[in-house]
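Given next are the chains, with one letter for each unit.
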Amino acid sequence: MPLTNYFLYLAVMAGSTYLIRSIPFVAIQKKIENRFIRSFLTYIPYAVLTAMTIPAIFYAPSRVEAAAVGLLVAILLSLKNKGLLLVAVCASAAVFVTEWVLCLF
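Since this is a predicted model, take the numbers as computed values, not measurements.

Student: What should I look at first to understand the packing of aromatic side chains in this one?
Tutor: To describe a pair of aromatic rings, you give the distance between the ring centres and the angle between the ring planes. Here the structure, examined in full by the defined rule, presents 2 aromatic pairs. Taking the centre distance of 5.4 Å and the plane angle of 70 degrees together, the rings of Tyr-6 and Phe-7 count as edge-to-face. Among the residues examined, Tyr-6 registers a relative accessible area of 42% and is labelled partly exposed. Measuring from centroid to centroid gives 6.3 Å for Tyr-43 and Tyr-46, while their planes differ by 50 degrees, and the two rings are tilted.

Written as C-alpha cells, this is what we have:
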C-alpha cells in the first residue's frame, strides 16, 4: 500500500471517530431530562461491550464446548458478585482445563 493511501485512510478513520464522539457534545448542551433516553444512553456501553465480547468468547478457543464452559463459569461467578479479575482468571482456567480434557478423548 502506498504511503499516501495509508495516511488518507488514517485521516478518514480519525475524522470519523472524532465526529462520532464530538457531535453529541456539541449538539446536546443541556442536561437530558427524558428518563427513557437517559436509561438508553446508560446501557449503551454495556450492550456494545457484550456485542463485542460474546463472539470473541466462542471464536477464541479451539473447541466450542470449552468456550461454553468458560462462559458458564464467568456467568455463575459474576452472579455471585465476584471481582472481575477472579471471574476472568477462573473462566480462562475453565476453558484451558476443558480443552485439555477434551484433547484426551
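Back to the text.
Student: Sorry if this is basic, but what is going on with the packing of helix H3 (residues 64–79) against helix H4 (residues 84–104) here?
Tutor: How two helices sit against one another is set out by the angle between their axes and by the gap between those axes. At a minimum axis distance of 8 Å, the contact between H3 and H4 shows a crossing angle of 150 degrees. Overall, the two elements H3 and H4 adopt an arrangement that is roughly antiparallel. H3 and H4 meet at a crossing whose hand is right-handed. Along the contact surface, H3 presents Glu-65, Ala-66, Val-69, Gly-70, Val-73, Ala-74, Leu-77 and Ser-78, while H4 presents Leu-86, Val-87, Cys-90, Ala-91, Ala-94, Val-95, Thr-98, Glu-99 and Leu-102. Its residues placed into classes, the contact of H3 with H4 shows 12 nonpolar, 3 polar and 2 charged.

Conventions and cut-offs
- Residues numbered from 1 in each chain as written.
- Predicted model: local features only at pLDDT ≥ 70, side-chain atom pairs only at ≥ 80, totals over all residues.
- Heavy atoms only, no water.
- Phe/Tyr/Trp six-rings, centres within 6.5 Å; stacked < 30°, edge-to-face > 60°.
- Buried < 20%, exposed > 50% of the residue type's maximum accessible area, 1.4 Å probe, protein only.
- Axes fitted to C-alpha atoms, helices over the stretch in contact; angles between N-to-C directions.
- Helix = DSSP H or I, 4+ residues; strand = E, 2+ residues; numbered from the N terminus.
- Parallel < 35°, antiparallel > 145°, perpendicular 65-115°, else oblique.
- Left-handed = near helix turned anticlockwise from the far one by under 90°.
- Contact = heavy atoms within 4.5 Å.
- Nonpolar A, V, L, I, M, F, W, Y, C, P; charged D, E, K, R; others polar.

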